[in-house]
Amino acid sequence: MKAVTEREIRASFVNCTKGEAKRLAVPRDLADRPWDDLDFFGWQDPAAPDRAYLVAEDGEGFVGIALRRAAPSAAGYVRRSMCSFCLTTHVGGGVSLMTARKAGKSGQQGNSVGAYMCTDLACSLYLRGKKDAGPGARFHESLTLDMQVERTLSNLTGFLDKVRA
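Residues numbered from 1 in each chain as written. Predicted model: local features only at pLDDT ≥ 70, side-chain atom pairs only at ≥ 80, totals over all residues. Heavy atoms only, no water.

Draft legend 1. Expanded view of the pairing of strand 2 (residues 51–58). Where strand 1 (residues 40–44) and strand 2 come together, five bridges link them in antiparallel fashion. Bridge pairing in strand 2 places Phe41 opposite Val55. What sits between strand 1 and strand 2 in their antiparallel hairpin is a turn of six residues. Relative to strand 3 (residues 61–69), strand 2 runs antiparallel, the two sharing eight bridges. (Pairing = 2+ DSSP bridges. Helix = DSSP H or I, 4+ residues; strand = E, 2+ residues; numbered from the N terminus.)

This is the structure in structure tokens:
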């Protein structure tokens, strides 16, 4: 992923107002992020653990979405859950249901879409083995890394398309 600036991040959001985008917490360490290893940039709001944000490249620049994390259930801490983007499995709260208000009038009417995602939004790092989700978290696949990245981006694009629809 191309390195993104705070200004580009704030301008990229499609499912919140300009005022909300201006007030959201953007990480201060953007220059230190491993941009070459990221397929998209995601982070949690340190002041509001139920909020997360995701910014991805698309053909015309960047698209950002604000997410809400569902409260974890007690059952989730004894089972493995799988991220619907990168297909990494996690125990405990490593995967969360994240919902995004839809863009435009549909979102203003309260409509949203959701997906199960790595809670830390580090899918790219799990794919590349730069971050470990524990034993058995990544299944052995015959797909190359490039094919796994392509699948992850396809899953992400499908979700972003639902948000923008």
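Draft legend 2. Inspection of the nonpolar core at higher detail. With 43 residues, the main nonpolar core has Leu54, Leu67, Phe85 and Phe159 as its most contacted residues. Those elements that place two or more of their residues in this core are strand 1, strand 2, strand 3, strand 6 (95–101), strand 7 (112–118), helix 4 (123–127) and helix 5 (145–164). Discounting residues that sit within four places of it in the chain, Leu54 has contacts with Phe40, Phe41, Gly42, Val63, Gly64, Ile65, Leu67, Phe85, Leu121, Leu156 and Leu160. (Core = buried A, V, L, I, M, F, W, Y, C linked by side-chain atoms within 4.5 Å. Buried < 20%, exposed > 50% of the residue type's maximum accessible area, 1.4 Å probe, protein only. Contact = heavy atoms within 4.5 Å.)

Draft legend 3. Region of the structure containing the pattern of salt bridges. In this structure the tally under the stated criterion is twelve salt bridges. Note that Asp58 and Arg164 form a salt bridge whose closest N and O atoms lie 3.1 Å from each other. With a gap of 106 residues between them, Asp58 in strand 2 and Arg164 in helix 5 connect regions that are remote in the sequence. Judged by relative accessible area, Arg164 falls into the partly exposed class, the value being 34%. The shortest N-O distance in the salt bridge between Glu141 and Arg151 comes to 2.7 Å. Taken together, the positions of Glu141 in the loop between helix 4 and helix 5 and Arg151 in helix 5 put the pair ten residues apart, joining distant regions of the chain. The class of Glu141 is partly exposed, set by a relative accessible area of 22%. Here the residues in one salt-bridge network are Glu6, Arg10 and Arg28, joined through shared partners. (Salt bridge = Lys/Arg side-chain N within 4 Å of Asp/Glu carboxyl O.)

Draft legend 4. Just the environment of Lys131, in detail. Note on placement: Lys131 falls in the loop between helix 4 and helix 5. Lys131 has contacts with Asp120, Ala122, Leu125 and Tyr126, leaving out every residue within four places of it along the chain. Polar contacts involving the side chain of Lys131 include one to the side chain of Asp120, which spans 2.7 Å. (Polar contact = N/O pair within 3.5 Å; in protein donor to acceptor, adjacent residues only side chain to side chain.)

Draft legend 5. Molecular detail of the packing of aromatic side chains. Tallying each qualifying case throughout the model produces six aromatic pairs. Look at Phe13 and Tyr53: their rings are 6.0 Å apart centre to centre, the planes differ by 90°, and that puts the pair in the edge-to-face class. Of this pair, Phe13 sits in the loop between helix 1 (6–12) and helix 2 (18–23) while Tyr53 sits in strand 2; the two residues are 40 residues apart in sequence, bridging distant segments of the chain. The class of Phe13 is buried, set by a relative accessible area of 9%. Aromatic side chains Phe40 and Phe85 sit 6.4 Å apart centroid to centroid with 85° between the ring planes, which places their arrangement in the edge-to-face category. With Phe40 in strand 1 and Phe85 in the loop between strand 4 (80–82) and strand 5 (89–91), this residue pair connects regions lying 45 residues apart in the sequence. Accessibility expressed as a relative area gives 1% for Phe40, which makes it buried. Take Phe85: its relative accessible area is 2%, and that puts it in the buried class. Site record: aromatic cluster; members linked through ring pairs are Phe13, Trp35, Phe41, Trp43 and Tyr53. (Phe/Tyr/Trp six-rings, centres within 6.5 Å; stacked < 30°, edge-to-face > 60°.)

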